[in-house]
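Observations on the three-dimensional arrangement
Below, each chain spelled out in residue letters.
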Amino acid sequence: PIVLPHHHHTPSSPQLQHIRHTLTTHTHRAMMHALRQTLVSALQQQCAVALVRQSSTAATAGGAAAATAATKAAKPKPIKLTEVGKVQRPRPPKGQARLDVTWNNRKNAELEKQARTGKLEVPLPSSATFSDHDWLFNRCDKRVVNMARHYKIFEHLFPKEFAPVKNLVATFKSEQVHRGNIIKPELTLEKPTIKFESAPESTWTLALYNIDGRLDGGAGEVTHWLVGNIKGNDLSTGKELLPYVPAVPLQNSGYNRFAFVLFEHASGPADFSNLSQKSECRRPVPLSDRYLLATRFANDHNLVPRALAFCQIEWSKNVAAAATKIYGSS
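Rules used throughout
- Residues numbered from 1 in each chain as written.
- Predicted model: local features only at pLDDT ≥ 70, side-chain atom pairs only at ≥ 80, totals over all residues.
- Heavy atoms only, no water.
- Helix = DSSP H or I, 4+ residues; strand = E, 2+ residues; numbered from the N terminus.
- Buried < 20%, exposed > 50% of the residue type's maximum accessible area, 1.4 Å probe, protein only.
- Contact = heavy atoms within 4.5 Å.
- Areas by Shrake-Rupley, 256 points an atom, 1.4 Å probe, with all protein chains shown as cover.
- Phe/Tyr/Trp six-rings, centres within 6.5 Å; stacked < 30°, edge-to-face > 60°.
- Core = buried A, V, L, I, M, F, W, Y, C linked by side-chain atoms within 4.5 Å.

**A short note on the overall build of the chain**
Across its full length, the chain carries nine helices and ten strands. Across the 330 residues of the chain, 34% fall into the buried class. By sequence separation, contacts in the chain at least 24 residues apart represent 77% of the contacts at least 6 residues apart. Total accessible area on the chain is roughly 21200 Å²; 56% of this is exposed by carbon and sulfur atoms.

**A few points about the packing of aromatic side chains**
Two aromatic rings, taken as a pair, are described by how far apart their centres are and by the angle between their planes. What the rule picks out here adds up to nine aromatic pairs. Consider the rings of Phe158 and Phe263, whose centres lie 6.4 Å apart with planes at 70°: the pair is edge-to-face. Within this pair, whereas Phe158 is found in the loop between helix H6 (153-157) and strand E1 (169-172), its partner Phe263 is found in strand E8 (residues 256-265), the two being separated by 105 residues in sequence. In this structure Phe158 comes out as buried when scored by relative accessible area, which is 3%. Relative to Phe297, the ring of Phe263 lies with its centre 6.3 Å away and its plane at 75°, an arrangement referred to as edge-to-face. Taken together, the positions of Phe263 in strand E8 and Phe297 in helix H8 (residues 294-300) put the pair 34 residues apart, joining distant regions of the chain. Judged by its relative accessible area of 0%, Phe263 is buried. Grouped by ring-pair contacts, the aromatic residues Phe154, Phe158, Phe162, Phe263, Phe272 and Phe297 constitute a single cluster.

**Quick word on the side chain of Thr171**
Mapped onto the fold, Thr171 is located in strand E1. Assessed through its relative accessible area of 16%, Thr171 is described here as buried. Ignoring anything within four residues of it in the chain, the contact list for Thr171 reads Gln176, Pro192 and Thr193.

**Some words on the nonpolar core**
Grouped together as the largest cluster of nonpolar side chains are 32 residues, with contacts concentrated most on Leu157, Tyr209, Leu226, Phe263 and Leu308. Broken down by secondary-structure element, the contributors of at least two residues to this core are helix H4 (132-137), helix H5 (140-150), H6, strand E5 (203-210), strand E7 (239-242), E8, H8 and strand E10 (303-313). What Tyr209 contacts, discounting residues up to four positions off in sequence, is Leu157, Glu221, Val222, Thr223, Arg257, Phe258, Ala259, Val261, Phe263, Leu292, Ala294 and Phe297. Grouped together as the second largest cluster of nonpolar side chains are 23 residues, Phe196, Phe260, Leu262 and Cys311 included.

**Digging into unusual backbone geometry**
The phi torsion at Lys152 lies on the positive side, around 60°, for a residue other than glycine. If you trace the backbone, Lys152 turns up in the loop between H5 and H6. Even without being glycine, Lys173 reaches a positive phi, approximately 55°. Within the secondary structure, Lys173 sits in the loop between E1 and strand E2 (175-177).

Below, the structure is given as structure tokens:
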């Protein structure tokens, strides 16, 4: 018989590389598919377990929440200083309105000439004329908070920062109290004028503290003025719990920080009978009766700080007699 030769076909090198690549690709896809299926199954099991736990926890917490709500309703909780919310700032005008103002100013030839010749005067409105809306819009509250941090007003007067939401304008004769500005002590011999916006039904308490006035190391600030239960923004409707004494510091005590704080009553007029009886029995009020811890005073009477203005005052020989009268009575 004729035997035909058997020819073995040997693939070339490119063919071998193609076969290996195909096998590797199929193996990789199979492994990734199996891994994906495993992960999906595990996630589905975890979700099922979490839903069961959440249902049981919600059922258990429902009864506890009802009991807690009933307890809270029985006894109202006073508002703490640390619970004061953030400022609801007015929104700025739309971008197109701002662009219109900018382009109109650029088209004004007279403004261009004054700016080029150095004769342009830019009006800077005083914060005393700002409404609460304009005061917040111009971010004056941020400037008050930043300077209060710098002078450590919050650290030494309140346990936590609060967001001022009202423009409190306190003026000693011709000098307005801003954010740590220096005021001459002789200007404080008379009561300052106080202005702020308020709804007629709101109730307020105004305090003037000397944060650095107490040198014996005890707790509390020297309260130079305290007016409680002010209706609206009329100070004459309030009760003068502590009569005003000039904001004069002790000699050689350096610059003292004096802070005006405006408190809002969270639950209507407060009962200051203990404080008013104590001050009325002893006139003039001795310095020892003027030591009040601002935080405790606010929490005891459910007051919330809403406005802050502060300045620095140093002793002067022009007020030596007033200082002796104040601190000599203790």
